[in-house]
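Chains, contacts and geometry: an overview
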Amino acid sequence: MTTSLPPSPRSRFPGANLLELVRDSVSFYRRMGRECGDIGVLSIGSRRVYLVTKAEYVQEVLATQSRKFVKSSAYRVLEPVMGLGLITSNGPLHLRQRRLCQPAFHRRRMEQYAEVVLRCAANLDRERRSGETIDPYAEMCQLTLRIVGGTLFGSDLEREADEALHAADEFFEQCGMNRMRLTAVLSKFGVRYSGGRKMRDARRRLDATIYRMIDRRRSQPEGNDLLSLLVHAIDEDGDGGGMSDQQLRDEVITFLLAGYETTASIVTFAWAALAQHPVLQQKLHRELDDVLGGRAPTLDDLPRLELTRRIFQEAMRLYPPAWIFGRMATEPVQIGPYVLPAGSRALASPYVTHRREDYFPQPDAFDPDRWLPERQAHLPEFAYFPFGGGVRRCIGEPLAMVEGPLILATLGQRWRMEFASPPPRETTKTLFLRPDPSLRMRLFSRTPASFDSTGSQRNELKCVLLP
Ligand code: HEM
């Protein structure tokens, strides 16, 4: 056992690293990963921040020794928005909430959720015209917000769900990262700042609609939508109780926020990669035509849409929306040859680890073939962790792994994508890594106009690849 420090990133002058960190944290941590290797340390004032990039160490932090860590204080910026939902809670409250929510994400629920995904994607598909220029990220956000709304609230609450989504849209728009930070800093000094007037109004509307929907679901027998499952969930292995309205509200906002931007961003990056690699796009079209023969995809098609899935997986490797997450050690923790003292921070970054050359040769290349079974067989566990790991692993993963490939299949079947702006750069202006908002793409229809708008059948399979 040793307590000496791991390497630190080079600094051109005192404070240079901090400046770079504030200006462009993604590039900074990538450089730190390159310079420091498996584990590095950055001193910020009296605080030590360790970046672990080796798969084995990531596993120690997120899974094997996770009991010695809690989520770092950075998550507190989310509390004014999410309250104490699954993402922001710790300890016994988190474990109880996880037990209560888990059944709603069981694989057997995916069939109903897949129907929502397909309905929403087909609706969007119908609204587009060939040659149209779109803002793909905005479109994908609208789509995934509708999907998460549909899975959460069910179809009989469509009017209320629409109101909630509208309010959520406004609310999330107001919740930029800086505003959330400001709210969190002020609350440390006992100042209750709930954002500007617009943010407060949007939040009031959102809360009121959510509470109305909770009331409705409480007065009905258990149904299939997520909210109904959560309202009726009983902690059978714990205190035998259910969730209060406040707790339900916090979880609903958490699911709305965690569940839409993440998937939207990966699908957009996947479209961008396909526009950049026309041959790959053609291969995708061929797979969709071969497997689906012109009919709409279903959940059962997913195992055979294996290139579609690999494209989604590869987009998540290069552009993991939750690109870094932090933990605070509550006691000394041994990671490899180093001891992280109590109170220090450990960061695990899918973005940095996913771009390590020893795990992913030519790491910056978009290559879905890396996910062929024979090529990924030797990958260590936790070399790829877009959904995190251990007890805090993303609860929405089964939904995301259905949703992403089904969106790619539904829209890819009908459209060919081209850039109408330069290829995107990633940005982290909000909570997640996402494409630069200047990205625009042009859609070209690749199916006959006679495509059945319900997406159910098509007589003739003739792909019209426009120039
Ligand atoms: C491709 C899409 C998604 C990605 C890449 C993703 C990624 C992640 C990651 C990395 C974490 C762990 C963060 C940490 O350990 O600090 C997480 C947690 C979580 N995610 Fe996702 N997520 C996705 C989609 C979803 C969806 C669709 C939902 C819900 C509808 C969701 C709900 C959650 C929740 C509630 C947590 C907290 C879990 C806990 O701490 O117990 N996510 N997600």
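So, a few notes on the structure that sits alongside this text.

Cut-offs and rules
- Residues numbered from 1 in each chain as written.
- Predicted model: local features only at pLDDT ≥ 70, side-chain atom pairs only at ≥ 80, totals over all residues.
- Heavy atoms only, no water.
- Donors = N, O, S within 2.8 Å, 3.2 Å for Na, K, Ca; no water.
- Helix = DSSP H or I, 4+ residues; strand = E, 2+ residues; numbered from the N terminus.
- Pairing = 2+ DSSP bridges.
- Contact = heavy atoms within 4.5 Å.
- Axes fitted to C-alpha atoms, helices over the stretch in contact; angles between N-to-C directions.
- 1 Å grid on protein atoms, 1.4 Å probe; cavity = no way out; pocket = protein on both sides within 12 Å on 5 of 7 lines; lining within 4 Å.
- Points joined across faces, edges and corners; volume = space filled by probe spheres on them.
- Nonpolar A, V, L, I, M, F, W, Y, C, P; charged D, E, K, R; others polar.

1. Some points on the coordination of the iron atom of the ligand
Of the protein atoms, Cys394 (SG) alone serves as a donor to the iron atom of the ligand, at 2.3 Å. Mapping Cys394 onto the fold places it in the loop between helix 16 (373–376) and helix 17 (397–414).

2. Observations concerning the sheet that holds strand 12 (residues 441–445)
Spatially, the three strands line up as an open sheet ordered 4-12-9, and their pairing is antiparallel. Pairing within the sheet leaves two strands with one partner each, and these edge strands are strand 4 (133–134) and strand 9 (415–419). Bridging between strand 9 and strand 12 involves five bridges; their strand directions are antiparallel. Bridge pairing in strand 12 places Met417 opposite Leu443. Contacts from helix 12 (residues 245–276) reach strand 9 and strand 12 within the one sheet, and its direction differs from that of strand 9 by about 80 degrees.

3. Describing the sheet that holds strand 3 (residues 69–71)
Sheet architecture is open: five strands sit in the order 1-2-8-5-3, paired in mixed fashion. Two strands bound the open sheet, and with one partner strand each, they are strand 1 (39–44) and strand 3. Sheet twist, expressed as the mean angle between neighbouring strand axes with direction ignored, is 30 degrees. The pairing of strand 3 with strand 5 (residues 325–329) spans three bridges and is antiparallel.

4. Notes on empty space enclosed by the protein
All chains considered together, the criterion is met by one cavity of 30 Å³ or more. Estimated volume of the largest cavity: approximately 80 Å³. Listing elements by their share of the lining of the largest cavity, those giving two or more residues are helix 7 (136–153) and strand 9. Per-element accounting of the lining of the largest cavity gives the leading share, three residues, to helix 7. When its residues are assigned to classes, the lining of the largest cavity shows nine nonpolar, no polar and two charged.

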